[in-house]
2 protein chains.
Amino acid sequence: MKKLIDVAMGRVKADTVIKNTTVVDVFNGGYIKGDVAVCGDKIAGVGEYSGDTEIDGSGKYVMPSFYDTHMHFESVMIRPSEYLKLAVPRGVTALNADPHEIANVCGEKGIKFMLEDVKGIPCDVHFMMPSCVPSTPEDKAGCVLGASDVKRISEKYGLFGLGEMMNFPGVVNCVPDVIEKLEAFEITDGHAPSVYGNALNAYLCGNILTDHECETAEEAREKISKGMYVMIREGSQTKNLRTIIKAADKKNLRRFLFCTDDRNVEDLCELGTVGNAVRLAVECGMDPVDAITVASLNAFEAYGIKNHGAIAPGYSADLLICADNVAREIEYVFYQGRPVAKNGKPLFGVTPADTSPLRGSVNIKPVKLGDLDFEFKKGMPVMRVFPNTVVTETVRAESKDGLNLMCCIERHGASGMIGHCYVDGFALKNGAIAQTVGHDAHNITVLGDNAEDMLTAVNGLDKDGGLVLVKNGKLIGRLQLEIAGLMTEAPADKALKVRAELFKALSEMDYNKNIEPFMLLSFMTLIVIPDAKLNHKGLFSVKDWDYLYRG
Amino acid sequence: MKKLIDVAMGRVKADTVIKNTTVVDVFNGGYIKGDVAVCGDKIAGVGEYSGDTEIDGSGKYVMPSFYDTHMHFESVMIRPSEYLKLAVPRGVTALNADPHEIANVCGEKGIKFMLEDVKGIPCDVHFMMPSCVPSTPEDKAGCVLGASDVKRISEKYGLFGLGEMMNFPGVVNCVPDVIEKLEAFEITDGHAPSVYGNALNAYLCGNILTDHECETAEEAREKISKGMYVMIREGSQTKNLRTIIKAADKKNLRRFLFCTDDRNVEDLCELGTVGNAVRLAVECGMDPVDAITVASLNAFEAYGIKNHGAIAPGYSADLLICADNVAREIEYVFYQGRPVAKNGKPLFGVTPADTSPLRGSVNIKPVKLGDLDFEFKKGMPVMRVFPNTVVTETVRAESKDGLNLMCCIERHGASGMIGHCYVDGFALKNGAIAQTVGHDAHNITVLGDNAEDMLTAVNGLDKDGGLVLVKNGKLIGRLQLEIAGLMTEAPADKALKVRAELFKALSEMDYNKNIEPFMLLSFMTLIVIPDAKLNHKGLFSVKDWDYLYRG
């Protein structure tokens, strides 16, 4: 404290000074001019200062760096250390990561890997404790984490809070294991799509702080009026910003946050994450300083983290020096007083964690051709899919024409259990797609129009898993995801290349081009989103909360 | 949690429901209609509910109760329990009390008394640890609390934070004892009148959260831009609201709080405390919901207290039911789910702490007539006082005519030390005023135009202390302040009566009627406010930080 005060008074030179710059004032909602003095890991103040290192800030904007309040590394399909090498230079120095997917596959071992992989990286990575492993009792994931596991693991690794509580019925119906989890945490993120009125009140009595699932501005305003922080989510699949931002005004602005939730590596590279949300918000008419406030101060306030998220004396020196006022062009990223990225490139190295305990996660009973066949009965229920949504419908089909067969193969305990259903709307011809990414249990999903190609695809996944494309009996594309069948251990640039090849191969496949097959398939096994979904036991109606049939 | 969720879902009746009411929504900045359900000490939600007890809320407003973020019970001259019997029915259910005055007189014993006196009272009284006892090394208070004492006492009694850090030079000059105090607390209130620029940066690097001493809107905006919460103070002596509120706008509203600091019992009874600030703010053009937000949510956020300050599920059921939207007419005050005041009357009793350890605090060497005489020398420095300010000037006087003699008699260690000076502007004739309230050391201050009346006044203070008026040799008014010479142990209604008699007696005295003598005298010994001030050693120039003379 003494040295910081000495620097602030001007008695001692600062370590670094950004001279003659324009500072974003998130407290008053405007700009101030001056020199920004940095001492150690903190900001000493904005005023007139000189430093051992001086950076010319004239014509530049200095603003607090960004906080992505809810995301899953696994969704990016690259490992956390590779993600951060891209995200930090794009302005993020704090995030809440829910390692929910890997926990479903590998439990504690997976969480431990994630923590180790980000060690030493200049970013405040707050890991949440996954709250719902598995998502529902109907699922067969790689492990089950009850209240006692959740408490033990969270304490052991010093996790930040309880991750998104997706089990809304468990909360409002006071399921003991759920209540025990909620009571054990001070911070719990929410997940409450289309929950309103007294049911929302009940959910919030579970001490739930945030929501990132609003679909309308009215829903966002109700959630805010009931005390939730509303995360404006702008992911790759779910893009809520343009809708939800309509709920924000000067009076309730402090209750909004930004998050990405699920973002693919292409969007991460091209658009960034929270910075992209800032710019989109400004496009939608939000004042740039307000958007930056949502991206920084608001998030730290929501989670009770003091002295972060502003350019002010005593605050953590996590900041951006930008050529513009919406972080389009970020020249420097500072984290705890040190420059950690320059002109989009990281200035830090990483020490990736050992992936070997997470490889070979695919554990299935050998699949035979006959396992991938399923008798069609006239009038049977089938799953109908649509572009741009992961919601499906249950319909009755009169004929098999134009339908595909989808199978969900349990892959954690080699039980040999396989669920089957026919799918309308995919229109895949002469091929198959298989993948080990399938929320949230991450069993194998395979879809095709013939058993031979489907078997080739499943076998192409190998022990490590990934995404596989088969056309006319030939494996034409593969992205290996050897970390739990969810993430590649390849560096980001290589992953981007392999993904580009995969999408090129995909373009050669014959299917309904209005859909994105990998993403869509990854949600076709998630039985908390309506309506017809397939798990390893059979076709399930989420509305009826029962199987349409088993098998 | 289970019962609360059951009530929120409507499966179980609430304990209390306020039916068909208008609820102040501090999150969106508006109003919502509905029933407010209370279960145990918490709000279950706003919706459609029924309860064991139902209160008709139609035509009424339900709002969070108020938080007075900085105050001193001692300034009210009644004991904390009596204060709260008046303040809670006027809408306050949380306050930060700095027992700085009593700590200067009695140290730990005084702090302990304050804590005990409020026990069981339905109000979150957060006691701060006085940071500056004595105010300066030049003062002779009843005790000295260094960093180790401050840490020990605070830990022993579980105090809330470090009270207003008035020792600005100590902070910016890194005095070790001051730095040690600052480093020991997560929450520290500030006190930084007219501190700007790099000096303000340095002060804030001491991890100081708030300020209640802004004199201009510009000062407030600078403090906010540097991360401080600005308390808008509306006391009895210092009324900053009309000025400071000009700094508030929609963008920085979240950074403002209300406080009273020093408020007398008459204002408390007639106007209330934070409610008065709310109404004044609205008079100045602030939206009523914004004013209530400043009075509630903002304060809890500033101090990191979760789930307080709003009418929302899971929030502490601390609320007001009012006939109007600015708490002019408060019908009910709820604290932790129970009604604790109705139509201005408390529904709770108090168990006042034993005052005997704090009585007889006046410990002086017997004063003789000659002690209250002081040689006037032509051209000597004298103190000039003015109406409506506690700032004084140092002037040179050519003659004694029209001047009064003031003495500061050390009253803690019977040292016999007495400081003397002449005062211009008081114009007291044929009498004397003596009092044991004299910030911050609370030695005896006596002022008069003749030694005989001054001696009668000092003797009239007795061992217990208080305020005394003497006219023409006769004691004509007295308010006994037997608790440390600062507070009366009389109930508030009796105290009001005695004070009314005292002010009646005062009206019969011959002095400059533009000043309020008791208040003014209480600040004439405080050598941190410019310029000429008198302590037990002599006349001190605050600007020069040295004695003009000793004796």
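All values derive from a computational prediction rather than experimental measurement.

Remarks on the overall build of chain A
Phase 1: The helix and strand tally for chain A stands at 18 helices and 28 strands.
Phase 2: Taken over the C-alpha trace, chain A has a radius of gyration of 24 Å; the compact-globule value for 551 residues is 24 Å, and the two agree within 12%.
Phase 3: Principal-axis analysis of the C-alpha atoms places the extent of chain A at approximately 85 × 50 × 45 Å.
Phase 4: Taking all 551 residues of chain A together, 65% fall into the buried category.
Phase 5: Put simply, of all contacts in chain A between residues at least 6 apart along the chain, 67% involve residues at least 24 apart.
Phase 6: Accessible surface, chain A: about 18500 Å² in total, of which carbon and sulfur atoms supply 49%.
Phase 7: Put simply, chain A has 60 plus and 74 minus side-chain charges, and the middle of one group is 2 Å from the middle of the other.

As for the sheet that holds strand β22 (residues 431-435) of chain B
Whether parallel or antiparallel, the strands of a sheet pair through hydrogen bonds between backbone atoms.
Residues and elements named next belong to chain B.
Phase 1: Sheet architecture is open: eight strands sit in the order β19-β18-β21-β20-β23-β22-β24-β25, paired in mixed fashion. A single partner strand is all that each edge strand has here, and the edge strands are β19 (393-397) and β25 (474-480). Each neighbouring strand pair of the sheet contributes to a mean axis angle of 25 degrees, computed without reference to strand direction.
Phase 2: Pairing of strand β20 (residues 404-409) with strand β23 (residues 444-448), which is carried by five bridges, proceeds in the antiparallel orientation. Note that in β23 the partner of Cys-407 across the bridge is Val-446.
Phase 3: Contacts from helix α16 (residues 492-507) reach β24 (466-471) and β25, with the element oriented near 150 degrees to β25.

A few points about the interface of chain B and chain A
Phase 1: Listed by partner, the interface residues are 61 residues for chain B and 61 residues for chain A.
Phase 2: In this assembly, chain B packs against chain A so that about 4800 Å² is buried in total across both faces, 53% of it on carbon and sulfur atoms.
Phase 3: Linking chain B to chain A there are 10 salt bridges.
Phase 4: Residue Asp-290 of chain B is joined to Lys-251 of chain A by a salt bridge in which the shortest nitrogen-to-oxygen separation is 3.6 Å.
Phase 5: Summed over the shared surface of chain B and chain A, the number is 28 residue pairs in polar contact (both at pLDDT 80 or more).
Phase 6: Every element with two or more residues in the side of chain B that touches chain A is listed here: α1 (2-9), β3 (42-47), α6 (168-172), α7 (176-183), α8 (197-204), α9 (217-225), α13 (288-295) and α14 (297-302) of chain B.
Phase 7: Top contributing element to the side of chain B that touches chain A by residue count: α1 of chain B, with six residues.
Phase 8: Here the residues of the side of chain B that touches chain A are counted per class, giving 28 nonpolar, 16 polar and 17 charged.

Calculation criteria
Residues numbered from 1 in each chain as written. Chains lettered and ligands numbered in written order. Predicted model: local features only at pLDDT ≥ 70, side-chain atom pairs only at ≥ 80, totals over all residues. Heavy atoms only, no water. Helix = DSSP H or I, 4+ residues; strand = E, 2+ residues; numbered from the N terminus. Rg over C-alpha atoms; globule rule 2.2 N^0.38 Å. Buried < 20%, exposed > 50% of the residue type's maximum accessible area, 1.4 Å probe, protein only. Contact = heavy atoms within 4.5 Å. Areas by Shrake-Rupley, 256 points an atom, 1.4 Å probe, with all protein chains shown as cover. Lys, Arg positive; Asp, Glu negative; His and termini not counted. Charge placed at Lys NZ, Arg CZ, Asp CG, Glu CD. Pairing = 2+ DSSP bridges. Axes fitted to C-alpha atoms, helices over the stretch in contact; angles between N-to-C directions. Buried area = accessible area lost by both parts, 1.4 Å probe. Salt bridge = Lys/Arg side-chain N within 4 Å of Asp/Glu carboxyl O. Polar contact = N/O pair within 3.5 Å; in protein donor to acceptor, adjacent residues only side chain to side chain. Nonpolar A, V, L, I, M, F, W, Y, C, P; charged D, E, K, R; others polar.

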